[in-house]
Amino acid sequence: MIKPWMHAGPLLVATLAAVAAHPAPTTGARASPTAATSDVRVVIGPTPIPGGDARAAGDITVIDSRLAFSLAVQSAAPYGVPRGALVDAAPVDRGRIGHDMVEFADFIPNDWSAWPNTHHDVEILERGPRRAVLRTRRNWGQVEITTVYTLDAGSDSIQIDTTMKNDGARTLPNLLSGMTLWPKGGFLFGVPGLGSCPNGSSRGALADRVVAYDADWSLTLHAPYMNRIENGCRDLYRLHTLRPGESREFHASLQVGTSGDLAPAVRSDIALAHLPSARIHGSVTTADGAPVDRPVVVVSRGGVPYAWTYGRGGAYDMELPAGRYTLYAAAKDTSESAPIPVTLAPGADATHDFHDLRTAGRIRLRITDAATGAPLDARIVIDSGHKPLVQFLGRRTFFTDLDRPGRAAFAIAPGHYVFRIESGGGFLGPARRLPADVEPGRTTNLAVPIERLFAPRRHGWFAADLHHHADQAEAVTPPAFLARSELAAGLDLLFVSDHDSTVNHAALARIAKRRGVPFIPSVEFSPSWGHFNAYPLELGAKPRIDPSTATVQQVFAEARRLGATIVEVNHPFIPYGYFHSLAGGVAPGGFDPAFDLVEINAANADDDDLVLRRLWSFWNAGDRYYLGAGTDTHDVWNEVSGRVRTFAHIDGAPTAALFADALRDGHAYVSYGPLIYPRVMFGSDLKVLGGVPFTLRFRLESVAGLARLDLIENGRVRATKTFAGAPRRARAEFPVSVRRARWFSLTAVDRDGHKAYTDPIWVDVVSPPRVAPADAVRAGTDR
């Protein structure tokens, strides 16, 4: 995913009177990453936050004894947002500034849609030592947006107050406006009470907050105005209408912590809502009485997770709003304690101890092909058993080793488990469910043979996930784990497409060489009006364009300069997709035909029909754009690499260049499950006589079992074959005849509803030549 903005007008450099009065450090100078006093101070220039993105001379960083944050004043903000946004934030611990943990945490006017912008400016209103205040003013079309950032000395929270004022003559209905929190890594604890954070109303929320966290940091966005959530609770919006001349205010705060402890966030909940509260505290030990050094006590309210506190030295202490709760204790790779119900009256001081945690055990797996005994790369998921709510306490998904294929070993909480072990991603063979019992302090060794049913590569069909992120921007997958996940999925080529970055190419090229698989280096150009994957790139090539200002012609030219033979239009119909922006007239440069593929994107599968119909319209016009597919995976522990994939036919050993050539020639299909083997290759030209019947023949395979095969002729279903009993292997024949040029493609559906879509077979009608009498005589003489 990633979130862009459209600039309809020129992007103006912010006017900063303060910059002239307080110039940036001289070239080579950089502020020290320390904050030794409780005073708040303002630094102009490249941010002292390690790993920060506000690196220009006019950028602004505010620092106190507990946190630091930066505004991109001259640096480009991510996703094409107008400059002046909060792009860096980090905890400060004992005078030391931690690593930047924010990709973007700021206000957006209407979900992730176009932001026509003609001006912005940033002012320093107060620069310390007791308080720092910054003000950003930007326009969104006819709406003026003013955001004020305030940090009081010694505070762990940035107060962020935004006002929208409609200076236009038109009512703006159904706006989704508000703050967002897109961290650079770690985990997310969504709005309490909203479960998995489905897009929609925030009714039922137990608090107005979302938390990004890891063991050694936390970022909490408090948004009391919210009534809608989007994007897994990363976006906290208010659904509203803004009439001409009307203003609306949004008050929020961004709280920064030095650990994954949510107790400070709960204290803020109490203070912001003026709630009556109580204190609860106690000790946490193992079953044999040993203090648990860093316990976590999890608090549920009304049967759903509400918060947790991170203890020390076998003890915990937390303030909670008065009410009824259930608490349990846990720690890294330990069992959970028995839950205890607690009722806290206003002002109460309660003690509850936990003395039944059991220490970790270990699992060691050896995963092999059941038929050959060869080691298999695999993904291991806890289907049932202990799944830690607090994710730095233990993973729920594991992978086999890179350098020891088929081997996996990991610590895990004791208890009974059922693991789901997948090798081939459901395309090459079924997953296996494996029960296991883990005892404290012991290692459980398990040999796991896996059935492999199909081998498309034996028939020249090779697969790749053509949209996959590693660990740039908001993605959280290091290159080694990207490789482990893609190999476990049974993909034949490694692929990465980070946002506007090629920094991971070298590492993945080394891994691919070590494992003996091809690697396709790519980049996802990410302007606000459309995203494009370009590949394969020359190793070491780096993008030079600014996606926030580039036209489509400049993007395509840059892709070719980097060596790409393929330019793929990613998720084209989402609000910042290229085709969507073309329809709205906000794609700089308009329509440019110099792309090659259009993407089926697993993260936006509801748009598959729109993608297909757009491609069919191209094919009906004779324009040979073809299919590509990718998952848009950012986090391999919570998303599945290769859930949709692109199969391309190659004669001989696969390489990145040959794979790209096959895609460009249409010798490919995309699939969520079914496998297809055509007698006449997709993308090829079949010449026939008009009105003379011919037969299109296919073989199909599916782990789930086949349900249906549709033959598409020029955008309409010409014939359908159903498969009784959902066989795993089948053949299909379609006798057809045509009287003019046509194309045929397939949609295959398995028993689980998973589909595959193919590139077309082009059919050209050839008329036999007319033979004149003189020609017949000459022909007879020649004989």
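This write-up is about the structure you can find in this document. (Residues numbered from 1 in each chain as written. Predicted model: local features only at pLDDT ≥ 70, side-chain atom pairs only at ≥ 80, totals over all residues. Heavy atoms only, no water.)

Remarks on the packing of aromatic side chains
- This structure, assessed with the given rule, holds 41 aromatic pairs.
- Geometrically, the ring pair formed by phenylalanine 187 and tyrosine 213 is tilted, given 5.6 Å between the ring centres and 45° between the ring planes. Taken together, the residues span a long stretch of sequence, with phenylalanine 187 in strand 14 (residues 187-189) and tyrosine 213 in strand 16 (residues 209-214) at a distance of 26 residues. Both residues of the pair, phenylalanine 187 and tyrosine 213, belong to the buried class.
- Pairing phenylalanine 591 with phenylalanine 595 gives two aromatic rings, centres 6.0 Å apart and planes at 90°, and the pair type is edge-to-face.
- Following the ring pairs from residue to residue traces out a cluster consisting of Trp529, Phe532, Phe556, Phe573, Tyr578, Phe579, Phe591, Phe595, Phe618 and Tyr625.
- If you follow arginine 209 out to its NZ or CZ, it ends over the ring of tyrosine 306, 5.1 Å from the centre. (Phe/Tyr/Trp six-rings, centres within 6.5 Å; stacked < 30°, edge-to-face > 60°. Helix = DSSP H or I, 4+ residues; strand = E, 2+ residues; numbered from the N terminus. Buried < 20%, exposed > 50% of the residue type's maximum accessible area, 1.4 Å probe, protein only. Lys NZ or Arg CZ within 6 Å of the ring centre and 35° of its normal.)

Thoughts on the side chain of threonine 400
- You can see threonine 400 is positioned in the loop between strand 31 (397-399) and strand 32 (407-412).
- Within the local environment of threonine 400, its side chain forms a polar contact with the backbone nitrogen of alanine 378, the two atoms lying 2.9 Å apart.
- Discounting chain neighbours no more than four positions away, the residues touching threonine 400 are Ile367, Leu376, Asp377, Ala378, Ile380, Gly406, Arg407, Ala408 and Arg484. (Polar contact = N/O pair within 3.5 Å; in protein donor to acceptor, adjacent residues only side chain to side chain. Contact = heavy atoms within 4.5 Å.)

Points about the sheet that holds strand 15 (residues 200-201)
- If you walk across this open sheet you meet the 5 strands as 7-12-19-18-15, and the pairing is antiparallel. Bordering the open sheet on either side are strand 7 (107-108) and strand 15, each of which pairs with just one other strand.
- Judged from the 3 bridges that link them, strand 18 (residues 228-230) and strand 19 (residues 235-242) form a sheet pairing that is antiparallel. Each residue of the ladder has a partner; that of glutamate 230, found in strand 19, is aspartate 235. (Pairing = 2+ DSSP bridges.)

A short note on helix 8 (residues 656-664)
- Of the positions making up helix 8, those classed as buried are Ala656, Phe659, Ala660, Ala662 and Leu663. In an axial view of helix 8, the angular spread of the buried residues amounts to 160°, which keeps them on one side of the axis.
- Positive backbone phi, at 80°, marks glycine 666, one or two positions downstream of helix 8. (Arc of directions from axis to C-beta.)

Comments concerning the sheet that holds strand 3 (residues 67-72)
- Strand order across the open sheet formed by 5 strands is 1-2-3-4-5, with antiparallel pairing between neighbours. Here the strands that pair on one side only, and so sit at the sheet edges, are strand 1 (41-44) and strand 5 (96-97).
- Bridge analysis of strand 3 against strand 4 (residues 85-93) gives 6 bridges, and the strand direction is antiparallel. Each bridged residue has a counterpart across the sheet, and for phenylalanine 69 the counterpart in strand 4 is alanine 89.

Describing empty space enclosed by the protein
- Within this structure, the stated rule accounts for 4 cavities of 30 Å³ or more.
- The calculated volume of the largest cavity comes to roughly 60 Å³.
- For the largest cavity, the full set of lining residues is Phe187, Gln391, Gly394, Arg395, Arg396, Thr397, Trp637 and Asn638.
- Counted by class, the lining of the largest cavity contains 2 nonpolar, 4 polar and 2 charged residues.
- Reported here for the second largest cavity is a volume of approximately 50 Å³.
- Forming the boundary of the second largest cavity are Arg379, Glu422, Gly425, Ser485, Ala488, Ala489, Val640 and Ser641.
- For the lining of the second largest cavity, a count of residues per class yields 3 nonpolar, 3 polar and 2 charged. (1 Å grid on protein atoms, 1.4 Å probe; cavity = no way out; pocket = protein on both sides within 12 Å on 5 of 7 lines; lining within 4 Å. Points joined across faces, edges and corners; volume = space filled by probe spheres on them. Nonpolar A, V, L, I, M, F, W, Y, C, P; charged D, E, K, R; others polar.)

As for the side chain of serine 337
- Mapped onto the secondary structure, serine 337 falls in the loop between strand 25 (323-330) and strand 26 (340-344).
- Within the structure, serine 337 has its side chain in polar contact with the backbone nitrogen of alanine 329 (distance 2.8 Å).

A word on the state of the cysteines
- Applying the stated criterion across every chain yields a total of 1 disulfide.
- Each disulfide pairs two cysteine sulfurs, and for cysteine 197 the partner residue is cysteine 233, the sulfurs being separated by 2.0 Å. On the S-S bond that ties cysteine 197 to cysteine 233, the torsion sits near -95°, and the link is left-handed. A residue pair is termed long-range when its members are at least 10 positions apart, and cysteine 197 in the loop between strand 14 and strand 15 and cysteine 233 in the loop between strand 18 and strand 19 qualify at 36 residues. (Disulfide = S-S within 2.5 Å.)

Looking at the packing of helix 3 (residues 479-488) against helix 4 (residues 505-515)
- One way to put it is that helix 3 packs onto helix 4 with a least axis distance of 9 Å and a crossing angle of 45°. It follows that helix 3 is oblique to helix 4 by the angle criterion. Where helix 3 crosses over helix 4, the two elements pack in a sense that is right-handed. Every residue of helix 4 that contacts helix 3 at Pro479, Ala480, Leu482, Ala483 and Leu487 is listed here: Ala507, Leu508, Ile511 and Arg515. (Axes fitted to C-alpha atoms, helices over the stretch in contact; angles between N-to-C directions. Parallel < 35°, antiparallel > 145°, perpendicular 65-115°, else oblique. Left-handed = near helix turned anticlockwise from the far one by under 90°.)

As for the environment of arginine 679
- Mapped onto the elements, arginine 679 comes out in the loop between strand 45 (675-678) and strand 46 (685-689).
- A sequence separation of 18 residues divides arginine 679 from arginine 697, and the C-alpha atoms of the two residues are 5.5 Å apart.

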